[in-house]
Amino acid sequence: MKIRDFAIEMYMNAYETKCRYNLAETCVSSLTVNELLELSGERDKNLDEMLSLRMTYGHIEGSPSFKEGICGLCETIKPENVTATHGAIGANALVFCALVEPGDEVISVLPTYQQLYSVPEALGAKVTTLPLNMENGFMPDAGLLAERMNERVKLVVINNPNNPSGSVMDKAYLQRIIDSVRPYGAYILCDEAYRGLTHSGLNLTESVADMYEKGISTSSMSKGFALAGLRIGWVAGPKNVIELVNKHRDYNTISCGVVDDYLAGLALKHSAKVFERNLKIVRKNIEVLDGWIASDPNFSYVRPKGGTTAFIKLGFDMPSKEFCLKLLEDTGVMIVPGSTMDTEGFVRMGYAFEKDLLETGLGIISRFTREIVGS
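Below or above, wherever it landed, is the structure these notes cover. All of these numbers come straight from a predicted model, not from anything done at the bench.

1. Quick word on the nonpolar core
In summary, soluble globular proteins display a tendency toward joint burial of nonpolar side chains. Counting 121 residues, the largest nonpolar core has Leu23, Met221, Leu289, Ile312, Phe323 and Ile365 as its most contacted members. With 10 residues, helix 12 (residues 271-295) is the largest single contributor of residues to this core.

Printed below as a string of structure tokens:
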């Protein structure tokens with residue numbers, strides 16, 4: 001199978017170990033195992049349970065505690081509607097392999113995580129993009145989506161909150177997307193990796209798996225739970241889709257690690273405490289980023305409403321990759337060029353790590369930019 005180079009992952013792999021100030025990080029400042037055990041309120045008991053785990057394959061499709069934890073994040077999903085995967089990236093790949101065939105049509109928002117349109121394209125689908133831009137707040141246009149729908153569209157792909165812009169679809173907006181798709185009987189795949197990190201109001205956005213009979217949600221412990229090291233995620237959706245996913249899963253996953261599953265189940269059981277900790281970081285740091293944007297005329301953005309990333313427009317004429325590489329070489333600050341997400345003129349930046357690192361990095365970017373553009 002021929003597939004495009006995964007531009008953003010190749011860029012991250014090439015440079016993230018060579019930078020001094022990593023402002024490209026997309027996870028909330030990661031929890032340690034000890035911090036998670038402390039949050040549980042029963043550190044010694046849970047540690048003893050974890051240390052006594054037998055290193056078998058464990059529960060093939062996810063343990064009962066893991067599945068129940070996912071159900072607790074949703075309104076209608078039951079354990080039989082969930083299967084465990086190797087992160088959200090594994091979840092998305094399995095959904096595509098289970099549903100997409102040569103000749104199908106797929107509609108995907110852009111910009112978004114490249115996997116969401118490059119994998120179905122590699123599987124032989126015709127992929128049409130639904131553009132997101134600053135003028136519409138990086139929100140998908142339900143009217144334009146309706147115009148592009150037809151009987152050959154198998155799958156519509158969105159993500160909420162959006163990566164890279166941090167735009168958020170509320171229940172009413174998501175319903176408009178569903179209403180555009182339902183008459184054609186297509187599935188909707190929503191990558192919800194940043195769910196749980198809405199910046200105001202209720203932190204959990206609506207899940208498409210709760211709202212649409214052909215809605216499929218994918219997510220993981222990486223972003224909202226600050227536990228990327230667990231490498232565990234999930235697919236939640238209609239039972240027939242889960243059955244198809246599991247048939248493909250037998251060939252490339254078998255099971256997730258029992259320690260990963262145990263710790264994920266523990267975090268899900270205490271999700272309120274984990275979200276509280278992570279939201280404090282995100283909601284505090286977005287104010288830092290917003291103040292920086294207001295003070296520097298060389299950059300602008302649509303303020304993120306959720307997630308951990310911002311898509312920042314360059315106010316000067318320089319290719320985004322050239323700018324990012326020169327910034328990295330001269331200052332040690334790493335951010336990601338928009339060109340790696342097929343959108344030139346922007347850079348993607350994370351902001352959910354240590355506040356001191358964010359403030360230092362932003363100051364360096366401003367000084368560097370003034371030097372190269374002269375204002």
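Let us keep going from here.
2. Some points on the packing of aromatic side chains
Here the structure, examined in full by the defined rule, presents 12 aromatic pairs. Here the aromatic rings of Phe138 and Phe311 are separated by 6.0 Å at their centres, their planes lie at 70 degrees, and the arrangement is edge-to-face. On the criterion of sequence distance, the pair formed by Phe138 in the loop between strand 4 (126-131) and helix 7 (142-148) and Phe311 in strand 10 (residues 309-314) is long-range, its members being 173 residues apart. By relative accessible area, Phe138 is classed as buried at 2%. For the pair Phe138 and Phe346, a centre-to-centre distance of 6.0 Å together with 80 degrees between the ring planes defines the contact as edge-to-face. Here Phe346 lies in strand 13 (residues 346-350) and Phe138 lies in the loop between strand 4 and helix 7, a separation of 208 residues in the sequence. One exposure class covers both Phe138 and Phe346, and it is buried. Taken together, the ring pairs in this structure connect Trp292, Phe299, Phe316, Phe323 and Phe368 into an aromatic cluster. For the cation-ring pair, Arg176 lies above Tyr173, with the distance from its terminal atom to the ring centre recorded as 4.8 Å. Above the ring of Tyr187, the side-chain terminus of Lys214 is found at 4.3 Å from the ring centroid.

3. What about the environment of Arg283?
Topologically, Arg283 is positioned in helix 12. Overall, Arg283 belongs to the partly exposed group, its relative accessible area being 29%. Taking the C-alpha atoms as reference points, Arg283 and Met341, 58 residues apart in sequence, are found 25 Å from one another. Residues within four places of Arg283 in sequence aside, it is in contact with Thr198, His199, Ser200, Gly201 and Asn203.

4. What about the pattern of salt bridges?
A complete count under the given rule lists 13 salt bridges for this structure. For the salt bridge of Asp342 with Arg4, the shortest nitrogen-to-oxygen distance reads 3.1 Å. Placement of the pair is Asp342 in the loop between strand 12 (336-337) and strand 13 and Arg4 in the segment before helix 1 (7-15), with a sequence separation of 338 residues. Take Asp342: its relative accessible area is 35%, and that puts it in the partly exposed class. When its relative accessible area of 38% is taken as the criterion, Arg4 is described as partly exposed. Glu49 is paired through a salt bridge with Lys45; the nearest N and O atoms lie 3.0 Å apart. Here Glu49 and its partner Lys45 are both found in helix 3 (residues 43-51), 4 residues apart, which amounts to about one turn of the helix. Since its relative accessible area comes to 33%, Glu49 is described here as partly exposed. Among the ionic contacts, a cluster of salt bridges with common partners joins Glu38, Arg43 and Asp44.

5. Comments concerning the sheet that holds strand 10
With antiparallel pairing, 4 strands are arranged side by side in an open sheet as 9-10-13-12. Two strands bound the open sheet, and with one partner strand each, they are strand 9 (299-301) and strand 12. As paired strands, strand 9 and strand 10 are joined by 3 bridges and run antiparallel to one another. Residue pairing in the sheet places Ser300 in a bridge with Lys313 of strand 10.

6. Some thoughts on the state of the cysteines
Counted according to the given criterion, the structure contains 0 disulfides. Free cysteine: Cys324, not disulfide-bonded; nearest cysteine sulfur from Cys19 at 12 Å.

7. Brief notes about the environment of Thr308
Positionally, Thr308 belongs in the loop between strand 9 and strand 10. Sequence separation of Thr308 and Ala7 is 301 residues, and the distance between their C-alpha atoms is 20 Å. In this structure Thr308 touches Thr26, Cys27, Val28, Tyr194, Leu197, Val282, Met349, Gly350, Tyr351 and Ala352, once residues within four positions along its chain are discounted. Separated by 2.4 Å, the side chain of Thr308 and the backbone oxygen of Thr26 make a polar contact.

8. Some thoughts on empty space enclosed by the protein
For the structure shown, the criterion picks out 2 cavities of 30 Å³ or more. Of the voids in this model, the largest cavity is the one considered here, and its volume is about 130 Å³. Lining the largest cavity are 17 residues, and of these Leu73, Glu192, Arg195, Ser219 and Trp234 sit closest to its centre. Elements represented by at least two residues in the lining of the largest cavity include exactly strand 7 (215-220) and strand 8 (233-236). Element by element, the count of residues in the lining of the largest cavity is highest for strand 7, at 4 residues. Classifying every residue of the lining of the second largest cavity by side-chain character gives 8 nonpolar, 4 polar and no charged.

Conventions and cut-offs
- Residues numbered from 1 in each chain as written.
- Predicted model: local features only at pLDDT ≥ 70, side-chain atom pairs only at ≥ 80, totals over all residues.
- Heavy atoms only, no water.
- Core = buried A, V, L, I, M, F, W, Y, C linked by side-chain atoms within 4.5 Å.
- Buried < 20%, exposed > 50% of the residue type's maximum accessible area, 1.4 Å probe, protein only.
- Helix = DSSP H or I, 4+ residues; strand = E, 2+ residues; numbered from the N terminus.
- Phe/Tyr/Trp six-rings, centres within 6.5 Å; stacked < 30°, edge-to-face > 60°.
- Lys NZ or Arg CZ within 6 Å of the ring centre and 35° of its normal.
- Contact = heavy atoms within 4.5 Å.
- Salt bridge = Lys/Arg side-chain N within 4 Å of Asp/Glu carboxyl O.
- Pairing = 2+ DSSP bridges.
- Disulfide = S-S within 2.5 Å.
- Polar contact = N/O pair within 3.5 Å; in protein donor to acceptor, adjacent residues only side chain to side chain.
- 1 Å grid on protein atoms, 1.4 Å probe; cavity = no way out; pocket = protein on both sides within 12 Å on 5 of 7 lines; lining within 4 Å.
- Points joined across faces, edges and corners; volume = space filled by probe spheres on them.
- Nonpolar A, V, L, I, M, F, W, Y, C, P; charged D, E, K, R; others polar.

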